[in-house]
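Observations on the model geometry
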Amino acid sequence: MSTVVQNFDVWKKFLGQRVEQAEKLGISQDTISELAYEIGDFLDEKVDPANHSNRALKELWGVADEDERHTIARLMVKLAKSNV
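Residues numbered from 1 in each chain as written. Predicted model: local features only at pLDDT ≥ 70, side-chain atom pairs only at ≥ 80, totals over all residues. Heavy atoms only, no water.

**A look at the packing of helix α3 (residues 29-46) against helix α5 (residues 66-81)**
It is at 8 Å that the axes of α3 and α5 come closest, and there the two elements cross at 110 degrees. Looking at the two axes, α3 sits roughly perpendicular to α5. Contacts between α3 and α5 involve Gln29, Ile32, Ser33, Glu34, Ala36, Tyr37, Asp41 and Asp44 from the first element and Glu66, Arg69, His70, Ala73, Arg74, Val77 and Lys81 from the second. (Axes fitted to C-alpha atoms, helices over the stretch in contact; angles between N-to-C directions. Helix = DSSP H or I, 4+ residues; strand = E, 2+ residues; numbered from the N terminus. Parallel < 35°, antiparallel > 145°, perpendicular 65-115°, else oblique. Contact = heavy atoms within 4.5 Å.)

**Looking at a negative patch on the surface**
Taken together, the side chains of Glu34, Glu38, Asp65, Glu66, Asp67 and Glu68 make up a negatively charged region of the molecular surface. The set of elements that each furnish at least two residues to the negative patch consists of α3 and α5. Considering each element in turn, the negative patch owes the most residues, three residues, to α5. With respect to the helices and strands, the residue Asp67 is situated in helix α5. (Patch = residues over 30% accessible without salt bridge, like charges linked within 9 Å, V, L, I, M, F, W, Y side chains within 5 Å. Areas by Shrake-Rupley, 256 points an atom, 1.4 Å probe, with all protein chains shown as cover. Salt bridge = Lys/Arg side-chain N within 4 Å of Asp/Glu carboxyl O. Lys, Arg positive; Asp, Glu negative; His and termini not counted. Charge placed at Lys NZ, Arg CZ, Asp CG, Glu CD.)

**Re the packing of aromatic side chains**
Summed over all chains, the structure comprises one aromatic pair. Between the aromatic rings of Tyr37 and Trp61, the centroid separation amounts to 5.6 Å while the plane-to-plane angle is 45 degrees, which identifies the pairing as tilted. Of this pair, Tyr37 sits in helix α3 while Trp61 sits in helix α4 (residues 52-63), and the two are 24 residues apart along the sequence. Just as Tyr37 is buried, Trp61 falls in that class too. (Phe/Tyr/Trp six-rings, centres within 6.5 Å; stacked < 30°, edge-to-face > 60°. Buried < 20%, exposed > 50% of the residue type's maximum accessible area, 1.4 Å probe, protein only.)

This is the structure in structure tokens:
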């Protein structure tokens, strides 16, 4: 996992592939977005950003309220889907 989060392009592709898999399994967009939110919280707490892109996301996450974090999570899902 640490290799995946070090390179932002690899991270987006990795997320996009996971989103595609989830959709094929019939998982709803709301559930996928909620999982993205939980992953964002986990990464915020446990992973030190390895590059400028991840650092920017961490800083945005850090200043966002809960609703804004959900928006960030939904946008990351949308971004990931566009990178598969």
